[in-house]
2 protein chains.
Amino acid sequence: MKLTTKGRYGLRAMVDLAVNTDDEAVALSQIAERQGISLNYLEQLVARLKKSGIVNGIRGAQGGYVLAMPAEEISVGDILRALEGDLSPVDCYELNSTDTPCGSSDICVTKYVWKRISDSINDAVDGIMLSDLVAESKKVQAEAGIRQVKQTNQTC
Amino acid sequence: MKLTTKGRYGLRAMVDLAVNTDDEAVALSQIAERQGISLNYLEQLVARLKKSGIVNGIRGAQGGYVLAMPAEEISVGDILRALEGDLSPVDCYELNSTDTPCGSSDICVTKYVWKRISDSINDAVDGIMLSDLVAESKKVQAEAGIRQVKQTNQTC
DNA sequence: TTTAATACCGAGTAATTTAATAGGAATTAA
DNA sequence: TTAATTCCTATTAAATTACTCGGTATTAAA
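Please read all numbers here as calculations on a predicted model, not as lab measurements.

(A) Structural detail: the environment of Leu 39 of chain A. Residue and element names in this part refer to chain A. Within the element layout of this structure, Leu 39 appears in helix α3 (residues 39-51). Separated by 11 residues in sequence, Leu 39 and Leu 28 have C-alpha atoms that sit 6.8 Å apart. For Leu 39, the contacting residues outside a window of four places in its chain are Leu 28, Ser 29 and Ala 32.

Written out as structure tokens, the structure reads:
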């Protein structure tokens, strides 16, 4: 029941991109250095975000990535689902079906549990927009007096 | 972000135990057969439930397992945490601390996301009691006319 | 008193997934 | 032309998962 580094690193990268964006594209090498993530690995994560239409890549020198839409329109749920796949606690194609084809009922019964967990996770992450995290990040950074320290603790 | 078979099988086993319990202990071999789970593996799952004080083992012939308390007092959260460990999306010992020791704020910012996911998962599973699943199971079984079919679909 | 049924315990293992690393091709601003 | 960049695919070491296996201890019942 844990997110992988895809989700953890990827969300950090998205906050970094959104915070450090001006009118120019942000190069992955910069994000990688700021966040202490390997460039090669970060490329793979961002490829998923691009595939989901959350960021756009700009190729060539002075290229980089930009948000594909305003941060107010990108939810943490969009980001995490792009990185991790669906956030349901079980892989069950009929989680959302209404019929109950199970003979013994235990499976059907636990299905309601999985559904409720799934819904609560998705509600939680869809209720947080990237812009919320950007605002929080800027607030914390202002309080800290722009004391910029290199990341070492990667547990979260 | 998936539960393992420990959580999936283990919750099914707990519902089975609670449904099929009379005044006698229920042998794991019976649960294993009804649920289509290997006995050896089921033993390992139930060991965790016992360690958490959710079930009691009764050794010897005619032995088995019984709920350690009424099903009304056992939440799905208790069961899943016993089987899976904590249900937080990240392993972060300071998720619940109030100070923000991070230099760059991105880690601190994403921590709020992990906290909200964690809280929503735990709220969801703590709000469902084993007795709720037992009631639901009996209802479904009554509707189906006790058409008992061997489990084959193990995806949920 | 024996037997059979059961919980309890620890080691081992194949398959899968994760978390990268590595190296190159394509594109483009300077 | 060059350097910076995205883009793409393959490989790999380590960790985790999902078991299997083989036993020991305990106890009710025959």
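(B) Up close: empty space enclosed by the protein. Counting across every chain of the model gives two cavities of 30 Å³ or more. Space inside the largest cavity adds up to approximately 50 Å³. As for the largest cavity, its lining consists of Ala 13, Met 14, Leu 17, Leu 28, Ile 31, Val 46, Leu 49, Val 55 and Tyr 65 of chain B. It is helix α1 (residues 5-19) of chain B that contributes the most residues to the lining of the largest cavity, three residues altogether. Of the residues in the lining of the largest cavity, the class split is nine nonpolar, no polar and no charged. Here the second largest cavity defines a volume of roughly 40 Å³. Around the second largest cavity, the lining residues are Ala 13, Met 14, Leu 17, Leu 28, Ile 31, Val 46, Leu 49, Val 55 and Tyr 65 of chain A. Those elements that provide at least two residues to the lining of the second largest cavity are α1 (5-19), α2 (28-35) and α3 of chain A. When residues in the lining of the second largest cavity are grouped by element, the largest group, three residues, is from α1 of chain A.

(C) Looking closely at the packing of aromatic side chains. Residue and element names in this part refer to chain B. One pass over the full model with this rule turns up two aromatic pairs over all chains. The interplanar angle of 85 degrees and the centroid separation of 6.1 Å between the aromatic rings of Tyr 9 and Tyr 41 together place this pair among those described as edge-to-face. Of this pair, Tyr 9 sits in helix α1 while Tyr 41 sits in helix α3 (residues 39-51), placing them 32 residues apart in sequence.

(D) Structural detail: the packing of α1 of chain B against helix α2 (residues 28-35) of chain B. Residue and element names in this part refer to chain B. Between α1 and α2, the shortest axis-to-axis distance is 10 Å and the interhelical angle comes to 115 degrees. When you trace α1 past α2, the crossing you get is right-handed. Packed against α1, whose contacting residues are Arg 12, Ala 13, Asp 16 and Leu 17, the element α2 presents Ile 31, Arg 34 and Gln 35 at the interface. Within the contact of α1 with α2, the residues separate by chemical class into three nonpolar, one polar and three charged.

(E) Representation of the environment of Asn 40 of chain A within the structure. Checked against the element boundaries, Asn 40 of chain A lands in helix α3. Given the relative accessible area of 56%, Asn 40 of chain A is considered exposed.

(F) Inspection of α3 of chain A at higher detail. Residues and elements named next belong to chain A. Taking 1.5 Å per residue, 13 residues should reach 18 Å; α3 reaches 18 Å between its end C-alpha atoms and fits that length. For α3, the set of buried residues is Leu 42, Leu 45, Val 46 and Leu 49. Summarising the axial view, the buried residues of α3 lie within an arc of 95 degrees, below the 170-degree limit, and thus occupy one face. Across α3 from its buried face, at more than 90 degrees, point the exposed residues Asn 40, Gln 44 and Lys 51. On its buried side, α3 packs onto α1, α2, β1 (55-58), β2 (64-67) and α4 (76-84). In the segment just after α3, Gly 53 is the residue with positive phi, at about 80 degrees.

(G) Focus on the protein's contact with DNA strand C. Neighbouring residues of DNA strand C: 25 residues in total, closest Thr 4, Tyr 9 and Gln 44 of chain A together with Lys 50 and Tyr 65 of chain B. Counting only the atoms of DNA strand C within 4 Å of the protein, the fraction contributed by sugar and phosphate is 67%. At 3.4 Å, a backbone N or O of Gly 60 of chain A approaches a base oxygen of DNA strand C. One of the side-chain N or O atoms of Lys 50 of chain B is found 2.6 Å from a phosphate oxygen in DNA strand C. If you list the elements that add at least two residues to the surface near DNA strand C, you get α1 and α3 of chain A together with α3, β1 (55-58) and β2 (64-67) of chain B. Taken together, the residues of the surface near DNA strand C sort by class into nine nonpolar, 12 polar and four charged.

(H) Quick look at the protein's contact with DNA strand D. Residues in close proximity to DNA strand D total 24 residues, the closest being Lys 50 and Tyr 65 of chain A together with Thr 4, Ser 38 and Gln 44 of chain B. In the interface set of DNA strand D, defined as its atoms within 4 Å of the protein, sugar plus phosphate atoms amount to 65%. A distance of 2.9 Å is found between a phosphate oxygen of DNA strand D and a backbone nitrogen or oxygen belonging to Leu 28 of chain A. Within the side chain of Gln 44 of chain B, a nitrogen or oxygen atom sits 2.5 Å from a base oxygen of DNA strand D. Those elements giving two or more residues to the surface near DNA strand D turn out to be α3, β1 and β2 of chain A together with α1 and α3 of chain B. Each residue belonging to the surface near DNA strand D can be placed in one class, and the counts come to eight nonpolar, 12 polar and four charged.

Procedures and definitions
- Residues numbered from 1 in each chain as written.
- Chains lettered and ligands numbered in written order.
- Predicted model: local features only at pLDDT ≥ 70, side-chain atom pairs only at ≥ 80, totals over all residues.
- Heavy atoms only, no water.
- Helix = DSSP H or I, 4+ residues; strand = E, 2+ residues; numbered from the N terminus.
- Contact = heavy atoms within 4.5 Å.
- 1 Å grid on protein atoms, 1.4 Å probe; cavity = no way out; pocket = protein on both sides within 12 Å on 5 of 7 lines; lining within 4 Å.
- Points joined across faces, edges and corners; volume = space filled by probe spheres on them.
- Nonpolar A, V, L, I, M, F, W, Y, C, P; charged D, E, K, R; others polar.
- Phe/Tyr/Trp six-rings, centres within 6.5 Å; stacked < 30°, edge-to-face > 60°.
- Axes fitted to C-alpha atoms, helices over the stretch in contact; angles between N-to-C directions.
- Left-handed = near helix turned anticlockwise from the far one by under 90°.
- Buried < 20%, exposed > 50% of the residue type's maximum accessible area, 1.4 Å probe, protein only.
- Expected span 1.5 Å × (residues − 1).
- Arc of directions from axis to C-beta.
- Near = heavy atom within 4 Å.
- Polar contact = N/O pair within 3.5 Å; in protein donor to acceptor, adjacent residues only side chain to side chain.

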